[in-house]
Amino acid sequence: MSVAASHEPAPNRAASAHRALTDARPDRVTVAVHAADLVLRVGVVQQLRQRPEIDLLDAADAERAQVSLVVVDTVDDEVAALLARLRHNNATRTGLIAGSLGPGALQRVIECGVAAVLRRAEADQDRLLHLVLAIANGEGVLPGDMLGKLLTHVASLHRSAPEPQGLSLSTLSTREADMLRLVSEGLDTAEIARKTAYSERTVKNVLHEVTTRLQLRNRAHAVGYALRNGLI
């Protein structure tokens, strides 16, 4: 019995096989990169394209991305509008890579639903991969110094503002307050789990319960709220 030979050159066949194998991996994170500046976009895309854990989507498929990365120099009204649009897409979680970001701008992007922030100067391949995987896993990522500035900024604003929906501060348990305090110190889920001797799943559930019950947007918003009201 004869077998028909492929007319595709060997290197091309190998490349096709590699693409097919890579495309079949179910654990790859789909990522869309948004940047008005082509140079900024290409820089991030080239870094992520080398990683087998990442599946980069074209603009036509961007709405189905698990993670949307917005790459900017600074945050202006146009960027805020894009972040607000992405926030309404339940299929994606958003990360921001910015050249510069003051405390006021940081609060603004968090209120727009951004889950993680990375300085563009620090956006090497390993940090980008960590950012994407953390976002896909439901984590928040914020440099420690940024978090400190954010907390100081939030604490200086609206100290007498009413609580969301008139909820009482007594609804925050000791465990919830302890975990929020650890978040404020820059610890991630795994580190909080080790500190408190709870499982990572429990830590996630507790923090999710706090943000949901108090109708807050994310962990950073919950920390700012707790700090402003003297809970931590």
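My aim in this report is to walk through the structure given alongside it, one point at a time. (Residues numbered from 1 in each chain as written. Predicted model: local features only at pLDDT ≥ 70, side-chain atom pairs only at ≥ 80, totals over all residues. Heavy atoms only, no water.)

A look at the nonpolar core
In step 1: Ranked by size, the top nonpolar core spans 22 residues in total, and within it V31, V44, L48, L69, I97, L131 and V132 carry the most contacts.
In step 2: Broken down by secondary-structure element, the contributors of at least two residues to this core are β1 (29–34), α2 (38–49), β3 (67–72), β5 (114–119) and α5 (125–136).
In step 3: Apart from the residues within four sequence positions on either side, L48 is in contact with V31, I54, L56, L69, L128, L129 and V132.
In step 4: A193, V203, V206 and Y225 belong to the second-largest nonpolar core, a separate cluster that totals 19 residues. (Core = buried A, V, L, I, M, F, W, Y, C linked by side-chain atoms within 4.5 Å. Buried < 20%, exposed > 50% of the residue type's maximum accessible area, 1.4 Å probe, protein only. Helix = DSSP H or I, 4+ residues; strand = E, 2+ residues; numbered from the N terminus. Contact = heavy atoms within 4.5 Å.)

Focus: the side chain of T30
In step 1: Looking at the element boundaries, T30 is found in strand β1.
In step 2: Of the residues examined, T30 reaches a relative accessible area of 11% and is grouped as buried.
In step 3: Here Q66 takes part through its backbone nitrogen, which lies 2.9 Å from a polar atom of the side chain of T30.
In step 4: The contact partners of T30, leaving out residues within four places of it in the chain, are D55, L57, R64, A65, Q66 and V67. (Polar contact = N/O pair within 3.5 Å; in protein donor to acceptor, adjacent residues only side chain to side chain.)

Remarks on the pattern of salt bridges
In step 1: Scanning the entire structure with this criterion turns up 8 salt bridges.
In step 2: Of the charged contacts, one joins R119 and E122 as a salt bridge, the two residues approaching to 3.7 Å between their closest N and O atoms.
In step 3: Measuring nitrogen to oxygen at the nearest pair gives 2.9 Å for the salt bridge that ties D178 to R181. Remark: R181 and D178 occur in helix α7 (residues 174–184); sequence separation between them is 3 residues, near one turn of the helix.
In step 4: Here D178 falls in the partly exposed class, since its relative accessible area comes to 34%.
In step 5: Residues joined by salt bridges that share partners form a network here, namely R51, E53 and D126. (Salt bridge = Lys/Arg side-chain N within 4 Å of Asp/Glu carboxyl O.)

What about the packing of α7 against helix α8 (residues 189–196)?
Helices that pack against each other are described as a pair by the angle of their axes relative to one another and the distance between those axes.
In step 1: One way to put it is that α7 packs onto α8 with a least axis distance of 10 Å and a crossing angle of 130°. In terms of axis orientation, α7 runs oblique to α8. The element α7 and its partner α8 pack so that their crossing is right-handed. Contacts from M179, L182 and V183 in α7 reach I192, K195 and T196 in α8. (Axes fitted to C-alpha atoms, helices over the stretch in contact; angles between N-to-C directions. Parallel < 35°, antiparallel > 145°, perpendicular 65-115°, else oblique. Left-handed = near helix turned anticlockwise from the far one by under 90°.)

Regarding the packing of α2 against α5
In step 1: It is the contact of α2 with α5, at a shortest axis distance of 9 Å, that shows an interaxial angle of 85°. For the element pair α2 / α5, the angle class is roughly perpendicular. Residues V44, Q47 and L48 of α2 form the contact with α5, whose own contacting residues are Q125, L128, L129 and V132.
In step 2: Each residue belonging to the contact of α2 with α5 can be placed in one class, and the counts come to 5 nonpolar, 2 polar and no charged. (Nonpolar A, V, L, I, M, F, W, Y, C, P; charged D, E, K, R; others polar.)

As for the side chain of H34
In step 1: Topologically, H34 is positioned in strand β1.
In step 2: Leave out the neighbours within four places in its chain, and H34 touches A62, S68, L69, V70, V71, L82 and L86.

A few points about the environment of D126
In step 1: The topology assignment puts D126 in helix α5.
In step 2: Since its relative accessible area comes to 56%, D126 is described here as exposed.
In step 3: Between the alpha carbons of D126 and L48 there is a distance of 9.2 Å; along the sequence they are 78 residues apart.
In step 4: At 3.4 Å, the side chain of D126 and the side chain of R51 are in polar contact.

Quick notes on the environment of P143
In step 1: Considering the arrangement of structural elements, one finds P143 in the loop between α5 and α6 (144–155).
In step 2: For P143, a relative accessible area of 15% translates into the label buried.
In step 3: On a C-alpha basis, the gap between P143 and L118 in space is 7.2 Å, while along the polypeptide they are 25 residues apart.
In step 4: Filtering out sequence-adjacent residues up to four positions away, P143 remains in contact with V117 and R119.

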